[in-house]
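Given next are the chains, with one letter for each unit.
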Amino acid sequence: MDVYHVGNLFPIEKYCTGQEQHVAIVTNSFFNVLMSLKHIKKREKELFMNGRLTVYLFEQKGIPFLVLDFGEGFSIDMSFDASMFDEEFRREWLASEGNVITLFLVEASTGKLEAMRLIAVGFADEFRKICSKHVGRTGIGHQVRLIQTAFSTREMMENARTCTRFGF
């Protein structure tokens, strides 16, 4: 089990690449989100930790996208690919009732964990239902790139299936 401490290096080394990235870190019950950004501004950190947050579920071509909107133009989108799960893990993960996501904000240039935030989304069952159709599917990465070219993060928010709001 990994231990996370704000101010220390992010403990999962394979994600400390020095590059900006938004990654789903799958857990037994749901997943966490790593937001690795370069030159994090003080205001972005404040919004991440304490600001209003809307989490959207956007789906296109059977692929779920999670969109995090912290306000003031600070938002990200990321896809989720469950086709990589082995059969046993997939069965357990799809049967889970977890809906908790830990958000990690990491300074990409140093690998330092700047902030964490814990949220629980109201659309976990719907998210899993989309993922249940990934069995045996290939080419998801290619489709994700096409979808992210066709839809801006703002358009994903506007066309989302549902959302959960925090701090409103």
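Above this text sits the structure in question.
Residues numbered from 1 in each chain as written. Predicted model: local features only at pLDDT ≥ 70, side-chain atom pairs only at ≥ 80, totals over all residues. Heavy atoms only, no water.

A.B. asks: Residue-level account of the overall build of the protein, with values.
C.D. replies: Across its full length, the protein carries 5 helices and 8 strands. In sequence order, the secondary structure elements of the protein are arranged as β-β-α-β-β-β-α-β-β-α-α-α-β. Whereas a compact globule of 168 residues would reach a radius of gyration of roughly 15 Å, the protein reaches 16 Å, a difference of no more than 12%. With the C-alpha coordinates aligned to their principal axes, the bounding extent of the protein is approximately 40 × 35 × 30 Å. Burial analysis of the protein (168 residues in total) assigns 45% to the buried set. Expressed as a percentage of contacts within the protein between residues at least 6 apart in sequence, the contacts between residues at least 24 apart total 68%. Working note: accessible area of the protein is about 9,000 Å², and carbon and sulfur atoms make up 48% of it. In the protein, the 20 positive side-chain charges and the 21 negative ones have mean positions that sit 3 Å from each other. (Helix = DSSP H or I, 4+ residues; strand = E, 2+ residues; numbered from the N terminus. Rg over C-alpha atoms; globule rule 2.2 N^0.38 Å. Buried < 20%, exposed > 50% of the residue type's maximum accessible area, 1.4 Å probe, protein only. Contact = heavy atoms within 4.5 Å. Areas by Shrake-Rupley, 256 points an atom, 1.4 Å probe, with all protein chains shown as cover. Lys, Arg positive; Asp, Glu negative; His and termini not counted. Charge placed at Lys NZ, Arg CZ, Asp CG, Glu CD.)

A.B. asks: I'd like to hear about the nonpolar core, residue by residue, with values.
C.D. replies: Counting residues in hydrophobic clusters, the biggest one holds 34 residues, and the most contacted among them are F31, V33, M35 and L68. Where this core is concerned, the elements lending two or more residues are β2 (31–37), α1 (42–50), β3 (53–60), β4 (63–69), β5 (75–79), β6 (100–107), β7 (112–120) and α3 (124–131). Here F31 is in contact with A24, I25, V26, L66, F80, W93, V100, I101, T102 and F127, once residues within four sequence places are set aside. Core analysis: the second largest hydrophobic core is formed by 10 residues, F65, V67, V144 and I147 among them. (Core = buried A, V, L, I, M, F, W, Y, C linked by side-chain atoms within 4.5 Å.)

A.B. asks: Describe the sheet that holds β4, listing the residues and the values that go with them.
C.D. replies: The 4 strands are arranged β5-β4-β3-β8 in an open sheet whose pairing can be described as antiparallel. Strands with a single pairing partner mark the edges of an open sheet, and in this sheet they are β5 and β8 (162–166). Recorded for the sheet is a direction-independent mean angle of 15 degrees between the axes of neighbouring strands. Relative to β8, β3 runs antiparallel, the two being bridged by 5 bridges. Each residue of the ladder has a partner; that of V55, found in β8, is T164. (Pairing = 2+ DSSP bridges. Axes fitted to C-alpha atoms, helices over the stretch in contact; angles between N-to-C directions.)

A.B. asks: I'd love a proper account of the packing of aromatic side chains, names of residues and values included.
C.D. replies: In this structure the tally under the stated criterion is 17 aromatic pairs. Taken together through their ring pairs, the aromatic side chains of F30, F31, F80, F85, F89, W93 and F127 make up a single cluster. A cation over a ring is seen here: R128 above W93, with NZ or CZ 5.2 Å from the ring centre. (Phe/Tyr/Trp six-rings, centres within 6.5 Å; stacked < 30°, edge-to-face > 60°. Lys NZ or Arg CZ within 6 Å of the ring centre and 35° of its normal.)

A.B. asks: Residues and numbers for the side chain of T102, please.
C.D. replies: Its place among the elements puts T102 in strand β6. Filtering out sequence-adjacent residues up to four positions away, T102 remains in contact with F31, N32, V33, R117 and L118.

A.B. asks: How would you sum up the side chain of E44? Please name residues and give values.
C.D. replies: The topology assignment puts E44 in helix α1. Buried within the structure, E44 lacks any salt-bridge partner; its nearest side chain of opposite charge belongs to K41, at an N-O separation of 4.2 Å. If we ignore the near neighbours within four places in the chain, the residues touching E44 are H39 and F74. (Salt bridge = Lys/Arg side-chain N within 4 Å of Asp/Glu carboxyl O.)

Any functional reading would require information that these geometric values do not contain.
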